[in-house]
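Examination of the molecular architecture
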Amino acid sequence: PSLVGIPLVPAYSVGNSEAFNLWFDPFGVMEGASRQLQTSLFIYWGRLGLPIPRRVNVTLLIGQPIQVTKVEDPTQEQVDALHEQLLCAMKETFDTHKAALGQGHKEMVFV
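These notes cover the structure that comes with them.

Conventions adopted
- Residues numbered from 1 in each chain as written.
- Predicted model: local features only at pLDDT ≥ 70, side-chain atom pairs only at ≥ 80, totals over all residues.
- Heavy atoms only, no water.
- Phe/Tyr/Trp six-rings, centres within 6.5 Å; stacked < 30°, edge-to-face > 60°.
- Helix = DSSP H or I, 4+ residues; strand = E, 2+ residues; numbered from the N terminus.
- Buried < 20%, exposed > 50% of the residue type's maximum accessible area, 1.4 Å probe, protein only.
- Salt bridge = Lys/Arg side-chain N within 4 Å of Asp/Glu carboxyl O.

**Thoughts on the packing of aromatic side chains**
This structure, assessed with the given rule, holds 3 aromatic pairs. A ring pair is formed by F20 and Y44, whose centres lie 5.1 Å apart and whose planes are at 90°; its orientation type is edge-to-face. Taken together, the residues span a long stretch of sequence, with F20 in the loop between β1 (11–14) and β2 (21–23) and Y44 in strand β3 (residues 43–45) at a distance of 24 residues. Ring centres of F42 and Y44 lie 5.6 Å apart, and the angle between their planes is 40°; on these two criteria the pair is classed as tilted. For F42, a relative accessible area of 51% corresponds to the exposed category. An aromatic cluster of at least three residues, connected via ring pairs, comprises F20, F42 and Y44.

As structure tokens, then:
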């Protein structure tokens, strides 16, 4: 269901989490500041401790397009069903290619 009827293309990028390190604040200071400022604050670093990404392979996996029918006023159930279809297609695309990318031990989980 869509107002326009454009196909959705499931895609997932593999390797970008290796480009930077992230510091997770165990004290909650960053979380409190993020809530106060209404924006996400985080500390990250890459090459030479700078905000420059490390040279790593980043691969974009692209799945088969999901055909979407045009619906003038989609219900929440229709939107949820299409969203579930998109998530399943993303997981299927990842599972198909993860071993070839050295990610065979990883499992995609949606929270």
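Here the narrative resumes.
**A few points about the environment of I6**
Looking at the element boundaries, I6 is found in the segment before β1. The spacing of I6 and P26 is 20 residues in sequence and 43 Å in space, taken between C-alpha atoms.

**Side note on the pattern of salt bridges**
All chains considered together, the criterion is met by 6 salt bridges. Where R35 meets E31, a salt bridge forms, and the shortest distance between an N and an O atom there is 2.9 Å. Of this pair, R35 and E31 are both found in helix α1 (residues 29–37), 4 residues apart, which corresponds to roughly one turn of the helix. The exposure class assigned to R35 is exposed, which follows from its relative accessible area of 62%. One salt bridge connects E107 with K91, and the closest N-O pair in it is separated by 2.7 Å. Of the two residues, E107 sits in the segment after α2 (76–97) while K91 sits in helix α2, which places them 16 residues apart along the sequence. The exposure class assigned to E107 is exposed, which follows from its relative accessible area of 53%. Taken together, the shared-partner salt bridges in this structure form one network comprising K91, D95, K98 and E107.

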